[in-house]
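Each chain, written out:
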Amino acid sequence: MKVTFLGTGTSQGVPVIACGCEVCTSSNPKDKRLRSSIFISSPAGNIVVDTTPDFRYQMLRAQVKHLEAVLITHSHKDHIAGMDDIRAFNYFQQGAIDIYATDFSQNIIMREFAYAFADFKYPGIPEINLKTIDDEPFQINGLTITPIQVMHYKMPVMGFRIHDFTYITDANFIAPEEKEKIRGSKVLVLNALRKETHISHFTLEEAIALGRELEVPQVYFTHISHQMGLHDEVMKELPDGMALAYDGLTLEI
């Protein structure tokens, strides 16, 4: 299984519009972060986690030619706003795309993209086949996916474990029973917004502590703000087995 980080930035991305800080003006490509999403390629097919506002460009940049399914972590705009652009896959694959989401997220998707679910469907609209997920494992073409419920302040968000790989974004609390679903992973991707306390995201220190608690050999941090600091400088501060993810990073799991 191959995992590609399509984006590793928080909701505003990096650089932030109109910001002149040292991170936003950095020439280092690793300081350029689209909104957080990953692409999973395996013999079971291709899966994207979240359709960000950058989805179109992310698909072009990663040269994705086929898509079996989309997993939705939650319904905030920076995770679903690009869903309209699955239309290209609809056209070339001649069929709807399966979108896996909780009931709550589905309600938001149907509201935000009401035209895709209208009785009269205008030609060329996205063809979406909603699939309901909860806390039970499910399969996509034989690939077993275990949902992990985390909390984004007061909002439930779904993380996903696929064999030895776990992906969690937009969290600041994980219940003990959900942590047990993560244990044994070889790779954990975890959100770490910045160093300062935040109401709905783990700080870098909190994310490091959680990675140590769960004893995962390799931890990558994502959903990163320009407030985190320069990529190369932050990397020097991290413990062994932990690293900032960056756009375009690929992992073989």
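Residues numbered from 1 in each chain as written. Predicted model: local features only at pLDDT ≥ 70, side-chain atom pairs only at ≥ 80, totals over all residues. Heavy atoms only, no water.

Colleague: Where do I start with the side chain of Thr169 in this structure?
Modeller: On the secondary structure map, Thr169 appears in the loop between strand E10 (165-168) and helix H5 (176-182). Thr169 sits in the buried class, given a relative accessible area of 0%. Of the polar contacts made by the side chain of Thr169, one reaches the side chain of Asp170; its length is 2.9 Å. (Helix = DSSP H or I, 4+ residues; strand = E, 2+ residues; numbered from the N terminus. Buried < 20%, exposed > 50% of the residue type's maximum accessible area, 1.4 Å probe, protein only. Polar contact = N/O pair within 3.5 Å; in protein donor to acceptor, adjacent residues only side chain to side chain.)

Colleague: Would you explain the pairing of strand E12 (residues 218-222) in this entry?
Modeller: Side-chain positions along a regular strand alternate between the two faces of the sheet. For E12, a buried count of four out of five residues is recorded, marking the element as mostly surrounded by other parts of the structure. Pairing of strand E11 (residues 187-191) with E12, which is carried by five bridges, proceeds in the parallel orientation. For Leu188, the partnering residue across the bridge sits in E12 and is Val219. Tracing the backbone out of E11, into helix H6 (residues 204-214) and back to the parallel element E12 gives a crossover that is right-handed. The sheet contact formed by E12 and strand E13 (residues 242-244) spans three bridges and is parallel. Across the sheet, residue Val219 finds its bridge partner in E13, namely Met242. (Pairing = 2+ DSSP bridges. Right-handed = clockwise from strand over helix to strand, strands pointing away.)

Colleague: I tried to follow unusual backbone geometry on my own but got confused; where do I start?
Modeller: Apart from glycine, the bulk of residues carry a negative phi angle, and the bulk of peptide bonds sit in the trans form. Geometrically, the link from Val14 to Pro15 is a cis peptide bond, its omega value of 5° lying close to zero. For Pro15, the position within the fold is in the loop between strand E1 (2-7) and strand E2 (37-42). One non-glycine residue, Gln94, adopts positive backbone phi at about 55°. Its place among the elements puts Gln94 in the loop between helix H3 (87-93) and strand E5 (97-101). Within the chain, Asn141 stands out as a residue other than glycine whose phi angle is a positive 50°. Tracing the backbone shows Asn141 in the loop between strand E7 (138-140) and strand E8 (143-152).

Such coordinate-based values are descriptive only and should not be taken to indicate function.
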